[in-house]
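Inside the fold
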Amino acid sequence: MVTRVFHLVDSSNYAGIESSLVNHCRLLQQAGTQVSCVFWREYPNNPLIDKLKQQQIPYQFMQASIKKFCAFLASLPKHSVLHTHGYKAGIVGKIFCALYKIKCVSTYHAGEWGQGLVKVYNAVDCALAPLASHNFVVSNHIQKRLVGQSELFANFVMHTTNSRFNSSQLNTEIKACFIGRLSHEKGPDIFIQVAKNIEASGFKQCQFDMYGSGPVKINQDSLPQNCNIKGFCNNTEQLWANYNVLIISSRAEGLPMVAIEAMLHGCMVICTPVGQLPEIIQMGKTGLLAKSICAESITDCIQMYMQLSEDDKHQIVQNAYQLASEAFSGKQQLKQLLQAYNHSKLKN
């Protein structure tokens, strides 16, 4: 029986992987399993630290030291599990857990390969998959990259008092948001082009807001009048009451947490057909799915949204809420985690 789970991550920001990690920890805590977060390196002003403190999740830093990490592994109680998130934690964790005969579980989150060294690291992490006791992947697309066996694992959102269905904002005026990292694979440029397309069409009752930070720098002066850059937001709970549409304009994805959050808050999801999104966003049933990865296809979905009756909008977001509540609330995921921790091949 597993005694404690240590989640290993190399993180300097708060995005999908970090949100998923916090949900993992909270779910396991509620089930009575001891959890801790282990950071490969300490970064200044890391918003994930605040989230861990809020949830009273203990954490520690390895300071990117192999010596310190090895000492940490050697000190672990019997039947402990190291659960890695991200390519750097995955590479380091799997290699040294194999050496120290510690059970290692890895989750593969990233839907994109990345560029340069990041692409190399992702490839190495995938190649090392057989060293883990168990591997989870958040999309079928990611699963195809891995060497050996893996299990599909749906991201989930822990219910809070605010995570409840609310369709009161489903009106004629479109208030759309982009929430994510400002990077090429997330498609902020596609989102901006959608705003330009809608402005050019003459439809005035439409607002596009962007939340996020990253390598793609966006100047407010370069945006159309209906589009605003809001900066990074580490608490999306406070945003949902202000929007009725979430646009996911990504070129690559796994299963974005923000889609599940939107579904749980009665916000219509309009997205590109990437990663696991086509499995949960069924056209006209649980959201609006673009035909291709381009601004024109998303613009078509926006125009379709305008033509929907209030009853149709309500039914779509109600269906989405029902799906998210049943499949992405943590119940099934807890069973999968405990099965992996307790019944996969034990190395200690």
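The model shown is predicted, which means the values in this text are computed figures rather than measured ones. (Residues numbered from 1 in each chain as written. Predicted model: local features only at pLDDT ≥ 70, side-chain atom pairs only at ≥ 80, totals over all residues. Heavy atoms only, no water.)

Let us look at the nonpolar core. In this structure, I179, W240, L246, I248, V269, L277 and I281 are the most contacted members of the largest nonpolar core, which totals 37 residues. Ranked by residues supplied to this core, first place goes to helix α8 (residues 257-264) with 7 residues. If we skip the residues at most four places from it in the chain, I248 touches E253, P256, V258, A259, V269, I270, C271, T272, L277 and I298. Core analysis: the second largest hydrophobic core is formed by 29 residues, F178, F208, L223 and C227 among them. (Core = buried A, V, L, I, M, F, W, Y, C linked by side-chain atoms within 4.5 Å. Buried < 20%, exposed > 50% of the residue type's maximum accessible area, 1.4 Å probe, protein only. Helix = DSSP H or I, 4+ residues; strand = E, 2+ residues; numbered from the N terminus. Contact = heavy atoms within 4.5 Å.)

What follows concerns helix α10 (residues 295-307). With 13 residues, α10 extends 19 Å between its outermost C-alpha atoms, agreeing within 8% with the 18 Å of an ideal straight helix rising 1.5 Å per residue. By the burial criterion, the buried members of α10 are A295, S297, I298, T299, C301, I302 and Y305. Packing partners of the buried residues in α10 comprise β8 (174-179), α7 (188-200), β11 (245-248), β12 (268-271), β13 (288-289) and α11 (310-327). (Expected span 1.5 Å × (residues − 1).)

In this section: the sheet that holds strand β5 (residues 103-108). The strand order across the open sheet formed by 7 strands is β3-β2-β1-β4-β5-β6-β7, and the pairing between neighbours is parallel. Because the sheet does not close on itself, it has two edges, and the strands there are β3 (59-61) and β7 (151-152). Where strand β1 (residues 4-9) meets strand β4 (residues 80-85), 6 bridges bridge the pair, whose relative direction is parallel. Bridge assignment links L8 to a residue of β4, and that residue is T84. Against the sheet, helix α1 (residues 16-30) contacts β1, β2 (34-39) and β4, and its axis sits at roughly 175° relative to β1. Relative to the sheet, helix α4 (residues 87-100) contacts β1, β4 and β5, its axis offset from that of β4 by approximately 150°. (Pairing = 2+ DSSP bridges. Axes fitted to C-alpha atoms, helices over the stretch in contact; angles between N-to-C directions.)

Among the 6 residues in β8, 5 count as buried, and that is most of the element. Note that β8 and strand β9 (residues 206-211) share 6 bridges and pair parallel. For A176, the partnering residue across the bridge sits in β9 and is F208. In terms of handedness, the path from β8 via α7 over to β9 forms a crossover that is right-handed. The pairing of β8 with β11 spans 2 bridges and is classified as parallel. Looking across to β11, one finds that A176 is bridged to V245. (Right-handed = clockwise from strand over helix to strand, strands pointing away.)

The strand order across the open sheet built from 6 strands is β10-β9-β8-β11-β12-β13, with neighbouring strands paired in parallel fashion. A single partner strand is all that each edge strand has here, and the edge strands are β10 (227-231) and β13. Across the sheet, α8 lies against β8, β11 and β12, angled at about 165° from β11, the strand it touches most.

As a rule of thumb, non-glycine residues mostly have phi less than zero, and peptide bonds are mostly trans rather than cis. One non-glycine residue with positive phi stands out, namely N45, at about 55°. Residue position: N45 is located in the loop between β2 and α2 (47-54). Of note in the backbone geometry, H79 takes a positive phi value of approximately 70° without being a glycine.

Here the distance between the centres and the angle between the planes together describe a pair of aromatic rings. Taken as a whole, this structure holds 13 aromatic pairs when the rule is applied. Centre to centre, the rings of F69 and F72 are 6.0 Å apart; their planes meet at 25°, and the pair counts as stacked. Here F72 and F69 lie together in helix α3 (residues 66-74), a separation of 3 residues that amounts to about one turn. For the pair F136 and F153, a centre-to-centre distance of 4.8 Å together with 50° between the ring planes defines the contact as tilted. With F136 in strand β6 (residues 134-137) and F153 in the loop between β7 and β8, the pair connects residues that are 17 residues apart, well separated along the chain. Side by side, F136 and F153 carry an identical accessibility label, which is buried. Three or more aromatic residues joined by ring pairs form one cluster here, namely F6, W40, F69, F72 and F96. A cation over an aromatic ring shows up here: K51 above the ring of Y14, its NZ or CZ 5.2 Å from the ring centre. Across the ring face of Y305, the terminal group of K313 is positioned such that the distance to the ring centre comes to 4.4 Å. (Phe/Tyr/Trp six-rings, centres within 6.5 Å; stacked < 30°, edge-to-face > 60°. Lys NZ or Arg CZ within 6 Å of the ring centre and 35° of its normal.)

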